Amino acid sequence: MALEETNAPRQPSSHEASVYQAVNNMQNDERDESGIDSGVNQSQNLSGCSTSLYPEFEEDKNTELNPVLNRNEIFKALEVVERDSTAIAESFTSLFASLRLALSEATGNSVDHMNCFGDAAGHLQESVLDAATKGNRYINSCLRLNEEMKGMEALARKLKILRANVDALDTAINKLTRFQ
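Residues numbered from 1 in each chain as written. Predicted model: local features only at pLDDT ≥ 70, side-chain atom pairs only at ≥ 80, totals over all residues. Heavy atoms only, no water.

- The protein chain is annotated in an unreviewed UniProt entry as BLOC-1-related complex subunit 6 C-terminal helix domain-containing protein of Erythroxylum novogranatense.

Details of the overall build of the protein chain
- Each helix and strand counted, the protein chain has 2 helices and 0 strands in total.
- For the protein chain, the residues scored as buried account for 9% of the 180 residues in total.
- For the protein chain, the proportion of contacts with a sequence separation of at least 24, taken over those separated by at least 6, is 57%. (Helix = DSSP H or I, 4+ residues; strand = E, 2+ residues; numbered from the N terminus. Buried < 20%, exposed > 50% of the residue type's maximum accessible area, 1.4 Å probe, protein only. Contact = heavy atoms within 4.5 Å.)

Concerning the pattern of salt bridges
- Counted under the stated rule, the structure contains 2 salt bridges.
- A salt bridge links K134 to D130; the nearest nitrogen and oxygen atoms lie 3.5 Å apart. Note that K134 and D130 are positioned in helix α2 (residues 71–179) at a spacing of 4 residues, about one turn of the helix. (Salt bridge = Lys/Arg side-chain N within 4 Å of Asp/Glu carboxyl O.)

Things to note about the UniProt feature "coiled-coil region" (unreviewed entry) in the protein chain
- The positions that UniProt labels "coiled-coil region" (unreviewed entry) are, in the present scheme, residues 145–172.
- Within the segment residues 145–172, helix and strand shares are 100% and 0% respectively, and the terminal C-alpha atoms sit 39 Å apart. (UniProt positions renumbered as here; feature names shortened; annotations may be inferred.)

Some details on a nonpolar patch on the surface
- Together, L145, M149, M152, L155, L159, L162 and V166 make up a nonpolar patch on the protein surface, roughly 650 Å² of accessible area in all.
- One can find M152 in helix α2.
- We classify M152 as partly exposed; its relative accessible area is 44%. (Patch = residues over 30% accessible without salt bridge, like charges linked within 9 Å, V, L, I, M, F, W, Y side chains within 5 Å. Areas by Shrake-Rupley, 256 points an atom, 1.4 Å probe, with all protein chains shown as cover.)

Things to note about the packing of aromatic side chains
- Considering all chains together, one arrives at 1 aromatic pair under this definition.
- Each ring, one from F92 and one from F96, has its centre 6.0 Å from the other, and the planes form 20°; the classification is stacked. Here the residue F92 and the residue F96 both occupy positions in helix α2, the gap between them amounting to 4 residues, near one helical turn.
- Take F92: its relative accessible area is 44%, and that puts it in the partly exposed class. (Phe/Tyr/Trp six-rings, centres within 6.5 Å; stacked < 30°, edge-to-face > 60°.)

As for the environment of T93
- Counting through the fold element by element, T93 comes out in helix α2.
- Here A89 takes part through its backbone oxygen, which lies 2.8 Å from a polar atom of the side chain of T93. (Polar contact = N/O pair within 3.5 Å; in protein donor to acceptor, adjacent residues only side chain to side chain.)

With respect to α2
- When the terminal C-alpha atoms of α2 are compared, their 155 Å separation across 109 residues agrees well with the 162 Å that a helix rising 1.5 Å per residue should span.
- Buried residues of α2: I74, A77 and V80, and no others. (Expected span 1.5 Å × (residues − 1).)

Quick notes on the confidence of the model for the protein chain
- Confidence in the prediction for the protein chain averages 76 pLDDT; 62% of positions are at 70 or higher.
- Contacts of residues 1–8 to residues separated by more than four positions or lying in other chains number 0 contacts, the stretch itself having pLDDT below 50.
- Contacts of residues 36–65 to residues separated by more than four positions or lying in other chains number 34 contacts, the stretch itself having pLDDT below 50. (pLDDT = per-residue confidence, 0-100.)

See below:
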């Protein structure tokens, strides 16, 4: 089922209507004091064009405008505006307080995380230095062992030669003892 579009003007809220009426009453009072002809409708200029900021509040041309300033209505409208302004200010105050609290918590958490990161980085640095020291010791031990093994190669060659000589001597002794 399709929705039908309506071109009906929006109905003003009671707050909008009271503010509009207070503004119109002030305009009427200003016209009366300045001597402007009250026969011209306040929402139209001399050419008949509407000059109202709120065309939905324009009154019919047939209704007569009240030229008398009703100060009570103005005060009521100002009270409504003041109440709304106070409520908005309280809302903003509450909003900024909650934003300040959230920012404070986020900042506190960031400081805690940075401290934790600093501690972890310090421990990591100590561990890396310890590992590097142990690695250097291992490398130096391997180099010493390598140098010592070079002397062992010569000793191993001498042992092989000695073993060969011992084997040759054993063989010669065995031959001599058999012949006797």
